[in-house]
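# Survey of secondary and tertiary structure
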Amino acid sequence: MSEERYLTFALGKGRLANKTLELFEQIGITCEEMKDKSSRKLIFVNEELKLRFFLAKGPDVPTYVEYGAADIGVVGRDTILEENRNVYEVLDLGFGKCRMCVCGSHAAKELLQHHERIRVASKYPNIAKDYFYNKKHQTVDIIKLNGSVELGPLVELSDVIVDIVETGSTLRENGLEVLEEVCPLSARMIVNPVSMQMETERIKELVNKLRAEIGIV
Ligand code: PRP
């Protein structure tokens, strides 16, 4: 045990990290240090299991994993698709379920039928581009926003948006609706390709325990 190197985890800050830590606790991986919410520490260690954890902004998680600064990451599939980093996606953790959708006013549905050149606002320009160019073969102008994307059609910045829909209440409260579904989303575990080779047994064991816990056979 003692000659093992530390396995480092990058967790997307917020609800995903909390859910991930809950799940890890269920399979006996704890990190007491991380529970102290007043702490300003950035890296937390479980000496006994030789594990290190740090929290990062979601879009940075695949970056840490690609460069090997973290062996393993947990982040939403939206971020994995948008960042398109060289990492292995090894497990669907089953929580954080939502959908990436094209949304807009009811009247905007028509604009998706005839390959018209329309304006699409999104926090996810790469996902939006891939969907419209490669799947729908529709030329569009993509406008990158950083949040509150639903504003796009409301203030006539864009015709439609590509955004995450969870409960649908943001859309409903703003008179918008799902026009097309791009893909389903949930939290995923990603692994650095070199770590996967060097630490195959430890990573496989972890993935198998998680699979059993979340009920994947
Ligand atoms: C996300 C997403 C939608 C909303 C969807 O935004 O971009 O706006 O949640 O959830 P709902 O279907 O349950 O209403 P988030 O709250 O992360 O903030 P943002 O708008 O600033 O990106």
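Structure report, in brief. (Residues numbered from 1 in each chain as written. Predicted model: local features only at pLDDT ≥ 70, side-chain atom pairs only at ≥ 80, totals over all residues. Heavy atoms only, no water.)

### With respect to unusual backbone geometry
- The backbone of Ser148 shows a phi angle near 40°, a positive value even though the residue is not glycine.
- Here Ser148 lies in the loop between β8 (140-144) and α5 (151-154).
- Backbone geometry at Glu156 places phi at a positive 60°, although glycine is not the residue there.
- With respect to the helices, strands and loops of the structure, Glu156 is situated in the loop between α5 and β9 (160-165).
- You can call Glu156 exposed: its relative accessible area is 65%. (Helix = DSSP H or I, 4+ residues; strand = E, 2+ residues; numbered from the N terminus. Buried < 20%, exposed > 50% of the residue type's maximum accessible area, 1.4 Å probe, protein only.)

### Some remarks on the sheet that holds β8
- Here 5 strands make up an open sheet; going across it, the order is β8-β7-β9-β6-β10 and the pairing mixed. Because the sheet does not close on itself, it has two edges, and the strands there are β8 and β10 (177-185). Looking at each pair of strands side by side, their axes are set apart by 25° on average, direction ignored.
- Its contacts with the sheet place helix α4 (residues 125-135) against β6 (98-104), β7 (118-122), β8, β9 and β10, and it is angled at close to 170° to β8. (Pairing = 2+ DSSP bridges. Axes fitted to C-alpha atoms, helices over the stretch in contact; angles between N-to-C directions. Contact = heavy atoms within 4.5 Å.)

### Description of the environment of Lys136
- Looking at the secondary structure, you find Lys136 in the loop between α4 and β8.
- For the pair Lys136 and Asp92, spaced 44 residues apart in sequence, the C-alpha to C-alpha distance is 27 Å.
- With near-sequence residues (within four places) excluded, Lys136 lies in contact with Leu112, His115, Tyr131 and Glu180.
- Polar contacts involving the side chain of Lys136 include one to the main-chain carbonyl oxygen of Leu112, which spans 3.1 Å. (Polar contact = N/O pair within 3.5 Å; in protein donor to acceptor, adjacent residues only side chain to side chain.)

### Examining the site of the ligand
- Within the structure, the ligand sits among Lys123, Gly147, Ser148, Glu150, Asp163, Ile164, Val165, Glu166, Thr167, Gly168, Ser169 and Thr170.
- A distance of 3.0 Å separates an oxygen atom of the ligand from a polar atom in the backbone of Ser148.
- Within the side chain of Thr170, one N or O atom sits 2.4 Å away from an oxygen atom of the ligand.
- Bound to the protein, the ligand loses 66% of the 490 Å² it would expose on its own.
- When atoms are counted within 2 Å of each cavity's grid points, the one that captures over half of the ligand is the largest pocket.
- Of all the secondary structure elements, the ones that give two or more residues to the shell around the ligand are β9 and α6 (169-173).
- A per-class count over the shell around the ligand returns 2 nonpolar, 6 polar and 4 charged. (Near = heavy atom within 4 Å. Areas by Shrake-Rupley, 256 points an atom, 1.4 Å probe, with all protein chains shown as cover. 1 Å grid on protein atoms, 1.4 Å probe; cavity = no way out; pocket = protein on both sides within 12 Å on 5 of 7 lines; lining within 4 Å. Sits in = over half its atoms within 2 Å of the grid points. Nonpolar A, V, L, I, M, F, W, Y, C, P; charged D, E, K, R; others polar.)

### Thoughts on the layout of surface pockets
- Approximately 860 Å³ is the volume found for the largest pocket.
- Forming the boundary of the largest pocket are 35 residues, of which Asp78, Thr79, Lys123, Tyr124 and Ile164 lie nearest the centre.
- Of the residues forming the lining of the largest pocket, the biggest block, 4 residues, is contributed by helix α3 (residues 77-83).
- Class assignment of the residues belonging to the lining of the largest pocket gives a composition of 11 nonpolar, 11 polar and 13 charged.
- Per-domain counts for the lining of the largest pocket show at least three residues from each of domain 1 (7-96 + 186-214) and domain 2 (98-184).
- Looking at the second largest pocket, its volume works out to about 410 Å³.
- Lining the second largest pocket are 18 residues, and of these Lys13, Lys41, Leu42, Phe44 and Leu55 lie nearest its centre.
- At the level of secondary structure, the elements contributing two or more residues to the lining of the second largest pocket comprise α1 (15-26), β2 (43-46) and β3 (51-56).
- Split into classes, the residues belonging to the lining of the second largest pocket amount to 10 nonpolar, 3 polar and 5 charged. (Points joined across faces, edges and corners; volume = space filled by probe spheres on them. Domains from an automatic or database assignment.)

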